[in-house]
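Residue-level structural notes
The lines below spell out each chain.
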Amino acid sequence: MKACWLNKANNRNLIVFFSGWSFDENPFKFLDCGDSDVLFVYDYNDLKFSEISFESYENKMLIAWSMGVFTAFGLMDLFSDFDLKIAINGTITPVDNEFGIPVKAFELTLKHAQKGLEGKFYKNVFNTDEELDKYLENPVQRSIENRVSELENLYNAVKSAPLVCEGFYDFAVVSEFDKIIPPNNQKNSHAKNNVPVVSLQSGHSPFYNFKSWNEIIKLCQQI
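Here goes a summary of the coordinates provided. As the structure is a prediction and not an experimental result, all values here were calculated from the model.

**Quick notes on the packing of aromatic side chains**
Considering all chains together, one arrives at 31 aromatic pairs under this definition. Consider the rings of Phe23 and Trp65, whose centres lie 4.9 Å apart with planes at 70 degrees: the pair is edge-to-face. Within this pair, whereas Phe23 is found in the loop between strand 2 (13-18) and strand 3 (36-42), its partner Trp65 is found in strand 4 (residues 59-65), the two being separated by 42 residues in sequence. The buried category is assigned to Trp65, whose relative accessible area is 1%. Seen in terms of ring centroids, Phe40 and Tyr42 are 5.8 Å apart; in terms of plane orientation they differ by 50 degrees. Their pairing is tilted. Here the two residues Phe40 and Tyr42 agree in accessibility, since each one is buried.

Here is the structure:
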């Protein structure tokens, strides 16, 4: 996997964000980092995390989205001392008929990944045409081939992952109009793992509802 800093100013606060499949940092640059250093993690063509030390930070937050929820969970030991861990529109079992994307639907996505990445996939990621237009102003810059191989690698990782039921995340955000991962399956997973859920009237990518990373954190802290 790859990582880049959206903000690195030796702040006391740290946010580590695990992105979803097929994304990079470009569509997220509009979010204000405030008084936090923000590390953006993406591209799961391999699942080895760069050796980055978090010891100097006083307050540490993990936010994971979509397939990033599964990926960050697989590295849970790195985040055991984080103050807050938030899952957004994803589960720790991302390909599952009851707790994630139904298997047949996922395999169809994988089979037609190249064609989907040329247009339809991103239309389903966002809830409105206005959100899609915002995305197209700063779209992903990765090659389609790179994104297709990433999905193949993720599926192999999901199939080989041990069956788990563990409350790693402190809170979960579930969008009621998510077209990628059925909202009810997300809620089933979080209920099974005793993770409190915040509901949003949004699509799979809810980020255009926010102006800053701190707004996302505060949404969950209000529970």
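Picking up where we left off.
**A word on the pairing of strand 6 (residues 171-175)**
Most of strand 6 sits inside the fold, with 5 of its 5 residues counted as buried. The alternating pattern of strand 6 places Phe171, Val173 and Ser175 and Ala172 and Val174 on opposite faces, both of which are buried. As paired strands, strand 5 (residues 84-88) and strand 6 are joined by 3 bridges and run parallel to one another. Bridging from a neighbouring strand, Ile86 pairs with Phe171 of strand 6. With 4 bridges joining them, strand 6 and strand 7 (residues 197-200) adopt parallel strand pairing. Bridging from a neighbouring strand, Val174 pairs with Ser199 of strand 7. Crossover connection from strand 6 via helix 7 (residues 183-192) to parallel strand 7: handedness right-handed.

**Details of empty space enclosed by the protein**
Under the defined criterion, the tally for this structure stands at 2 cavities of 30 Å³ or more. There is about 60 Å³ of room inside the largest cavity. In this structure, the largest cavity is lined by 10 residues; those nearest its centre are Ile92, Tyr169, His190, Asn193 and Val195. Class assignment of the residues belonging to the lining of the largest cavity gives a composition of 5 nonpolar, 4 polar and 1 charged. For the second largest cavity, the full set of lining residues is Phe23, Pro27, Phe28, Phe30, Phe126, Ser205, Phe207 and Tyr208. Its residues assigned to classes, the lining of the second largest cavity shows 7 nonpolar, 1 polar and no charged.

About the cut-offs
Residues numbered from 1 in each chain as written. Predicted model: local features only at pLDDT ≥ 70, side-chain atom pairs only at ≥ 80, totals over all residues. Heavy atoms only, no water. Phe/Tyr/Trp six-rings, centres within 6.5 Å; stacked < 30°, edge-to-face > 60°. Helix = DSSP H or I, 4+ residues; strand = E, 2+ residues; numbered from the N terminus. Buried < 20%, exposed > 50% of the residue type's maximum accessible area, 1.4 Å probe, protein only. Pairing = 2+ DSSP bridges. Right-handed = clockwise from strand over helix to strand, strands pointing away. 1 Å grid on protein atoms, 1.4 Å probe; cavity = no way out; pocket = protein on both sides within 12 Å on 5 of 7 lines; lining within 4 Å. Points joined across faces, edges and corners; volume = space filled by probe spheres on them. Nonpolar A, V, L, I, M, F, W, Y, C, P; charged D, E, K, R; others polar.

Remember, this is a structural readout, not a statement about activity or role.
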